[in-house]
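Here's the letter readout for the chains.
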Amino acid sequence: MKSSVAHMKSSGHNRRETHSSYRRSSSPEDRYTEQERSPRDRGYSDYSRSDYERSRRGYSYDDSMESRSRDREKRRERERDADHRKRSRKSPSPDRSPARGGGQSSPQEEPTWKKKKDELDPLLTRTGGAYIPPAKLRMMQEQITDKSSLAYQRMSWEALKKSINGLINKVNISNISIIIQELLQENIVRGRGLLSRSVLQAQSASPIFTHVYAALVAIINSKFPQIGELILKRLILNFRKGYRRNDKQLCLTASKFVAHLINQNVAHEVLCLEMLTLLLERPTDDSVEVAIGFLKECGLKLTQVSPRGINAIFERLRNILHESEIDKRVQYMIEVMFAVRKDGFKDHPVILEGLDLVEEDDQFTHMLPLEDDYNPEDVLNVFKMDPNFMENEEKYKAIKKEILDEGDSDSNTDQGAGSSEDEEEEDEEEEGEDEEGGQKVTIHDKTEINLVSFRRTIYLAIQSSLDFEECAHKLLKMEFAESQTKELCNMILDCCAQQRTYEKFFGLLAGRFCMLKKEYMESFESIFKEQYDTIHRLETNKLRNVAKMFAHLLYTDSLPWSVLECIKLSEETTTSSSRIFVKIFFQELCEYMGLPKLNARLKDETLQPFFEGLLPRDNPRNTRFAINFFTSIGLGGLTDELREHLKNTPKVIVAQKPEAEQKKPALTSSSSESSSASDSSDSESDSSESSSESSSDASDSSSSSSTQSSTSVSENTRRLRAC
C-alpha cells in the first residue's frame, strides 16, 4: 500500500513538472486558449483528483487502468483541437493577404491564366470536342471569317459527324423518307467515311433494325454508288475478320446486313452463295448457325434469282445433317430451316412493306467477290484539311439541289397530274353533256412498260419453280388478262430457247397449258407458224430447243398435227435454217414415237390435206427433193409412198393421154405444133424423172444410168407416137 502511494506521488510530481514546462514553452495565445476551454476540458484536474482519491480509498488496479486510458483519449482530443486553432490563426486572413509581398504577383498572373484558357481550342482537348453546345458551335463558326481555314474546316467536320450520327440513330420505317432528305442536306460525299462507320456501328448495336439500315443504304446507293460500295467493302472485310477470329457475333451481324443488301439489290447474289459455300465448306457448330441465320434472311431472294444455287446449298445442309458430326441443337436448326423453306419463307419476306423505296431502274448492284483485296479507306473517318474546301462545297450544293428538286418535282408532278386528270374528267363530262355525238379519245401506252413487267413476272415464276406443275399453278394464280394469253405462251417458248440444252420442263409446261384451255392451244399453233416463218433469225442452239419443244407437243397430242400444213418441202420454199428445223423436229418425233408409229400417223387419211406440202406429190421435182431430204436425215422409211408415186407417174400420164385426146376437138396446125412441143417437153420430163429415179434407187455406175436414161427416153417417145 505504501509503495502504491509512493508511486502515485511520483506520478503526480512528474505531471506537475510537465505542466509547468508546457506553460513555460507555450505562448500567451496558447495560455489564452487554455483559459477559454469548455467546462468539460477544465474538469481534467477534478478527474485526476477523483482518481487519486479512488486509489487512496483502495480501488482495484483494473479500475485505475480504465480511467487512465480515458484520460489519454481526452488529452489527445484536446491536443488536436489546439493544433487546429493554431493553424487557423497562422493562415493569412483575406484582409491581410494584399499587404504581404507574395500576394502582389497574383493580380498579374490571374488574367494570363484566363487568357490561356480562352485561347485553348475545345476541339483539340483530350475529349476531342465530344460535346460543344450547338449555339456555341455556331457562334464559333460565325467568328471565323476565313471559311477555308483549318479551324473552320475542323468545326464543320465535327458538326457533320454529329449530324450524321444523330440522323442514323433516329431512322426507322416511319421516318426514313424524312431522314433521307435531312441526310442529303449534309455533305455525305465528304463524310462518306463517317456515314459508313455510323451505319455499320448502328447496325451492329441493333441488328433488329438491319432491314431499315439496308433500305437507307439502298436509297443512298441509288444516288451515290461509291458510298454503297464502300459500305459493302467494309462489311465484307468485317465478315472475313470475324470468320478468321471465330467471332460468331461479328459474322452474324455482318452476314445479316449483307443478306438485306442483297434483298435490296445493292449486292449481287453471287456474294451470298460464296459466303454460304465458305461457311459450309468445313462445317462447325458456329459456322452452320451463321449460315442458317444468313439463309433465313435472303433465302426467298435466292429462290427467285438462283434456284439452282439454293438447291445446292440445301443439298449441302442435308449432307451435314446426315453426317451427324455437329451438335444436336444445330441439327435441329437445320431441320427447322428445311421447314422454313417448305413454307416458302413466309416469315422472312424479301423486303418489308414500306421499305421498297427504290425503283428498279435506279438500282445499282455491286458485283464484289468475297476473296478480293479491298481497301476499307479508314482515312476517310478522320479529319483532313481540304485545300479546295469551298469549291467542293459548292459542287455538293449543286448535286443536292438536283437530287432534292427531282424529289420535289416528282411529288409536284404527281399532284399536278392528279389535278389535271380531275380537270380533264370534268371537261370530258361537260363535253359529253354538251355534245352527245362527240368521240372519246383513247390513249394507248406504246412504251410497253406493262408488257415488260408481265414478262418479268412470268420469268421469275418459271425460274423459281421446282417442277412444271408448280409453275403452271403459279402462272394460273396470276389471273392475267385474256389478251396476254399469247404473250404467256411466247414467254414459255423464249425461256426454253434461252437454255443451253433442251429441258423437258418447258415441253411439259406448254403441254399442260394446251390441255387446260383451247385458247392456249390456238396460241401455240399460231406461234408454231410464226416461228417456222422466222426460223432464220434464230441461232442453232435456240433453233434446236424450239424444234424439240414443238416435237414434244405433237408427240403428246397437245397440238394438232394440222400445224404441219405450213411446212412445204421444196428447193425454193426452204432455207438452210428451215431444213435444220425440220430435220431436228422429225428426228425428235421419231425418237419419241418410233418410225412405224410416225409413218402410220403420216399415212392417216384424215390428215393427208395437211401433209401435202410436207410430202409433195404435185411436182416430180418436189417429190424427189422430199425423198432425198428424208433419206439424208435417216428417215427414208417415211418416203415409201412417195417412191411408189414417183414410179407410177409416167404410167398415169400415159393413161391420161388418150382420154384427154378424145375429149379435145380437132385443133389447127398451130395447136398441133404446140401440142407436139408440149409432148416433147413431157417426154423430156418423163425421161428426167426416170433417170432421177434410177439414180436415187439403184446404185449403178454413171455410165449405165446414162444409157438407161437414153433408152427410156426413146421408148417413151415411141409409145407416145404410137398412141
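Just so it is clear, the model here is predicted, and its values are computed rather than measured. (Residues numbered from 1 in each chain as written. Predicted model: local features only at pLDDT ≥ 70, side-chain atom pairs only at ≥ 80, totals over all residues. Heavy atoms only, no water.)

What to know about the packing of helix 10 (residues 192–205) against helix 12 (residues 225–244)
Running from amino to carboxyl end, helix 10 crosses helix 12 at an angle of 50°, the nearest separation of the two axes being 10 Å. Regarding the angle of helix 10 to helix 12, the classification is oblique. Of the two possible hands of crossing, helix 10 and helix 12 adopt the one that is right-handed. Taken together, the residues of helix 12 that come into contact with helix 10 (itself represented by Arg-192, Gly-193, Leu-195, Ser-196, Arg-197 and Leu-200) are Ile-227, Leu-230, Ile-231, Arg-234, Leu-235 and Asn-238. Looking at the contact of helix 10 with helix 12 residue by residue, the class counts come to 6 nonpolar, 3 polar and 3 charged. (Axes fitted to C-alpha atoms, helices over the stretch in contact; angles between N-to-C directions. Helix = DSSP H or I, 4+ residues; strand = E, 2+ residues; numbered from the N terminus. Parallel < 35°, antiparallel > 145°, perpendicular 65-115°, else oblique. Left-handed = near helix turned anticlockwise from the far one by under 90°. Contact = heavy atoms within 4.5 Å. Nonpolar A, V, L, I, M, F, W, Y, C, P; charged D, E, K, R; others polar.)

Let's talk about the packing of aromatic side chains
Scanning the model with the defined rule gives 16 aromatic pairs in all. Arranged with centres 6.4 Å apart and planes meeting at 25°, the rings of Phe-224 and Tyr-396 form a pair that is stacked. Here the residue Phe-224 occupies a position in the loop between helix 11 (210–223) and helix 12, and Tyr-396 occupies one in helix 18 (residues 389–434), the gap between them amounting to 172 residues. Comparing Phe-224 with Tyr-396, the two get one shared label, buried. The interplanar angle of 5° and the centroid separation of 4.8 Å between the aromatic rings of Tyr-555 and Tyr-592 together place this pair among those described as stacked. Placement of Tyr-555 in helix 24 (residues 540–555) and of Tyr-592 in helix 25 (residues 576–593) is noted, with a sequence separation of 37 residues between them. By the ring-pair criterion, three or more aromatic residues cluster together here, those being Phe-528, Tyr-532, Phe-550, Phe-581, Phe-585, Phe-586, Phe-629 and Phe-630. Across from the ring centre of Phe-314, 4.3 Å away, lies the NZ or CZ of Arg-341, which sits over that ring. (Phe/Tyr/Trp six-rings, centres within 6.5 Å; stacked < 30°, edge-to-face > 60°. Buried < 20%, exposed > 50% of the residue type's maximum accessible area, 1.4 Å probe, protein only. Lys NZ or Arg CZ within 6 Å of the ring centre and 35° of its normal.)

So, a positive patch on the surface
A contiguous patch of positive charge, built from Arg-68, Arg-72, Arg-75, Arg-76 and Arg-80, is present on the exposed surface. For Arg-80, the position within the fold is in helix 5 (residues 61–90). (Patch = residues over 30% accessible without salt bridge, like charges linked within 9 Å, V, L, I, M, F, W, Y side chains within 5 Å. Areas by Shrake-Rupley, 256 points an atom, 1.4 Å probe, with all protein chains shown as cover. Salt bridge = Lys/Arg side-chain N within 4 Å of Asp/Glu carboxyl O. Lys, Arg positive; Asp, Glu negative; His and termini not counted. Charge placed at Lys NZ, Arg CZ, Asp CG, Glu CD.)

Observations concerning a negative patch on the surface
A cluster of acidic residues, Glu-73, Glu-77, Glu-79, Asp-81 and Asp-83, forms a negative patch at the surface. Looking at where Glu-77 falls in the secondary structure, it is placed in helix 5.

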